[in-house]
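# Coordinate inspection notes
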Amino acid sequence: MIEIDGSEGEGGGQILRSALSLSMCTDQAFRLKNIRAKREKPGLMRQHLTALQAAAAVCSASVTGAEVGSTEITFRPGKVKPGDYQFAIGTAGSTTLVLQTVLPALLTASTPSTIRITGGTHNKACPPVDFLQRTYLPLVERMGPKVQLDLVRHGFYPRGGGEILARVTPSPQLSAITLKERGVRKGGYAEAYISGIPMHVASRELEIVGKMMNWSGENLHIRGLSGEFGPGNALTITVEHEHITEVFTGFGEKGVSAESVAKRAVDAARSYLVSEAVVGRHLADQLLLPMALAGGGEFVTMPVTQHFESHVAILKAFLSRKVVTENAGELVRVRVG
């Protein structure tokens with residue numbers, strides 16, 4: 001059994017989710033202790049428990065410690081079973097993180113699967129649905145499988161109630177991909193999602209984006225949603241290139257001005273655009289696992305995050321793959337093989 005200390009590295013839920021994905025894909029059991037030890041509330045929260053339960057359902061795993069607040073679990077995977085799955089987080093926890101936990105195991109399953117998950121769709125510090133649809137999944141599809149992700153209903157913190165539906169058409173095996181050039185710049189746009197709060201919040205966010213990105217009104221869109229989804233607000237900035245699309249997000253919060261939300265998102269977008277990186281910081285972390293399962297891959301990114309380093313450590317625990325990073329000025333060349 002592989003032993004993992006959840007207090008190492010970034011010390012959050014990423015360690016749990018990656019371990020679950022790799023355990024299902026490699027048929028190796030693991031014990032994880034000190035779960036989320038570096039977070040304000042250590043142990044399993046609802047979204048982490050749902051990810052654990054979802055993984056167990058997909059591969060008929062034997063699990064101990066599956067309860068809210070648990071700081072140690074064991075996970076013994078069985079055979080991966082494609083099928084139609086439904087998982088309810090029960091809070092505004094991230095649906096996209098639960099999906100990313102079970103998706104790798106279903107990418108090479110024997111038959112197609114559907115996964116329906118309810119909870120939050122636009123959560124602070126989590127990839128929003130837009131990011132998976134436009135950035136992450138198109139790259140996964142280049143590896144062979146097909147994944148259609150539909151946003152059925154928006155869900156914001158603290159209410160939740162959102163829903164996503166993924167349809168997975170697997171591939172017998174994943175193919176390595178290389179991402180060394182962005183290609184020609186194709187365009188970009190910003191969307192301000194607003195629900196149950198004054199519309200001027202979205203207008204102010206887009207005004208800042210327009211000024212800082214030098215975009216006109218045709219690139220700025222208010223997405224007004226029914227008040228039943230709110231209160232909630234998220235701002236996404238989508239930047240399209242020939243070979244890759246990146247999405248940068250700001251999340252509305254109590255006590256944080258619309259201008260501050262917009263500036264954070266714009267700063268992240270501009271930092272990426274002025275660099276020569278192909279893959280953004282957050283995407284770099286998320287690409288490691290599917291690339292490792294595909295047998296390799298390469299990309300050029302920005303200075304890596306602590307999440308990236310933690311992910312590398314988990315990959316080494318389950319796979320013989322090596323992740324080699326090479327600093328080249330302000331860029332980092334990553335090779336998985």
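See above for the structure.
Heads up: these notes are all about the structure in this document. (Residues numbered from 1 in each chain as written. Predicted model: local features only at pLDDT ≥ 70, side-chain atom pairs only at ≥ 80, totals over all residues. Heavy atoms only, no water.)

A separate point is the packing of helix α1 (residues 13-26) against helix α7 (residues 281-293). Here α1 crosses α7 at 15°, and the two axes come no closer than 11 Å. Considering the angle they form, α1 stands roughly parallel to α7. Viewed along their axes, α1 and α7 form a crossing whose handedness is right-handed. Each of Gln14, Ser18, Ser21, Leu22 and Cys25 in α1 lies in contact with α7, whose residues at this interface are Asp285, Leu289 and Leu293. (Axes fitted to C-alpha atoms, helices over the stretch in contact; angles between N-to-C directions. Helix = DSSP H or I, 4+ residues; strand = E, 2+ residues; numbered from the N terminus. Parallel < 35°, antiparallel > 145°, perpendicular 65-115°, else oblique. Left-handed = near helix turned anticlockwise from the far one by under 90°. Contact = heavy atoms within 4.5 Å.)

Mapped onto the secondary structure, Ser21 falls in helix α1. According to the relative accessible area criterion, Ser21 is buried, its value standing at 1%. With near-sequence residues (within four places) excluded, Ser21 lies in contact with Gln100, Thr101, Pro104 and Leu289. (Buried < 20%, exposed > 50% of the residue type's maximum accessible area, 1.4 Å probe, protein only.)

Taken as a whole and assessed by the stated rule, the structure comprises zero disulfides. Between Cys25, a cysteine without a disulfide, and Cys59, which holds the nearest cysteine sulfur, the sulfur-to-sulfur distance is 9.5 Å. With a relative accessible area of 31%, Cys25 lands in the partly exposed category. (Disulfide = S-S within 2.5 Å.)

For the rest of this paragraph, the subject is the pattern of salt bridges. Enumeration according to the criterion identifies 14 salt bridges in this entry. For the salt bridge of Arg134 with Glu191, the shortest nitrogen-to-oxygen distance reads 2.9 Å. Of the two residues, Arg134 sits in helix α4 (residues 129-142) while Glu191 sits in strand β10 (residues 185-195), which places them 57 residues apart along the sequence. Residue Glu191 is classed as buried on the basis of its relative accessible area of 5%. For Arg264, the salt bridge goes to Glu253, with nearest N and O atoms at 3.5 Å. One end of the pair, Arg264, is in helix α6 (residues 258-274); the other, Glu253, is in the loop between β13 (245-251) and α6, and eleven residues separate them in sequence. Exposure remark for Glu253: the relative accessible area of 29% places this residue in the partly exposed category. One continuous salt-bridge network, built from bridges that share partners, spans Asp130, Arg134, Glu191 and Arg223. (Salt bridge = Lys/Arg side-chain N within 4 Å of Asp/Glu carboxyl O.)

Sheet architecture is open: four strands sit in the order β1-β2-β4-β3, paired in mixed fashion. Of all strands in the sheet, those with a lone pairing partner are β1 (2-5) and β3 (62-64), marking the two edges. Each adjacent strand pair in this sheet contributes to an overall mean axis angle of 15°, direction not counted. Pairing of β3 with strand β4 (residues 72-76) involves three bridges; the strand directions are antiparallel. Residue pairing across strands places Ser62 opposite Arg76, the latter belonging to β4. Strands in contact with α1 are β1, β2 (30-33) and β4; relative to β2, the strand with the most contacts, it is inclined by about 175°. Contacts from helix α2 (residues 46-59) reach β3 and β4 within the one sheet, and its direction differs from that of β4 by about 15°. (Pairing = 2+ DSSP bridges.)

Mapped onto the fold, Gly280 is located in the loop between α6 and α7. The buried category is assigned to Gly280, whose relative accessible area is 3%. Linking Gly280 and Thr245, residues 35 residues apart in sequence, is a C-alpha distance of 9.8 Å. Once residues lying within four places of it in the same chain are set aside, the contact partners of Gly280 are Glu246, Tyr272, Thr301 and Met302.

This next bit is on empty space enclosed by the protein. The final tally for this structure, using the stated rule, is one cavity of 30 Å³ or more. Its boundaries defined by the atoms lining it, the largest cavity holds a volume of some 160 Å³. Together, 14 residues line the largest cavity, and Gln14, Ser18, Gln100, Leu289 and His311 are the ones closest to its centre. Put simply, the parts of the chain that give the lining of the largest cavity at least two residues each are α1, α3 (95-106) and α7. (1 Å grid on protein atoms, 1.4 Å probe; cavity = no way out; pocket = protein on both sides within 12 Å on 5 of 7 lines; lining within 4 Å. Points joined across faces, edges and corners; volume = space filled by probe spheres on them.)

The next point concerns the nonpolar core. In this structure, Phe30, Phe75, Val209, Ile237 and Phe299 are the most contacted members of the largest nonpolar core, which totals 100 residues. With eight residues, the top contributor of residues to this core is α2. Non-local contacts of Ile237, meaning those with residues more than four positions away in its chain, are made with Tyr189, Ala190, Val209, Trp215, Glu246, Val247, Phe248, Ala265, Val266 and Ala269. (Core = buried A, V, L, I, M, F, W, Y, C linked by side-chain atoms within 4.5 Å.)

With mixed pairing, the four strands of this open sheet are ordered in space as β5-β6-β8-β7. What marks the edges here is a single partner per strand, and that holds for β5 (84-88) and β7 (146-153). Strand-to-strand twist in this sheet, taken as the mean axis angle between neighbours without regard to direction, amounts to 15°. Pairing geometry for β7 and strand β8 (residues 162-169), over seven bridges, is antiparallel. Looking at the pairing, Leu149 lines up with Ala166 of β8. The sheet strands contacting α3 are β6 (113-119), β7 and β8, and the helix crosses β6 at an angle near 165°. Packed onto the sheet, α4 meets β7 and β8 and runs at close to 170° relative to β7.

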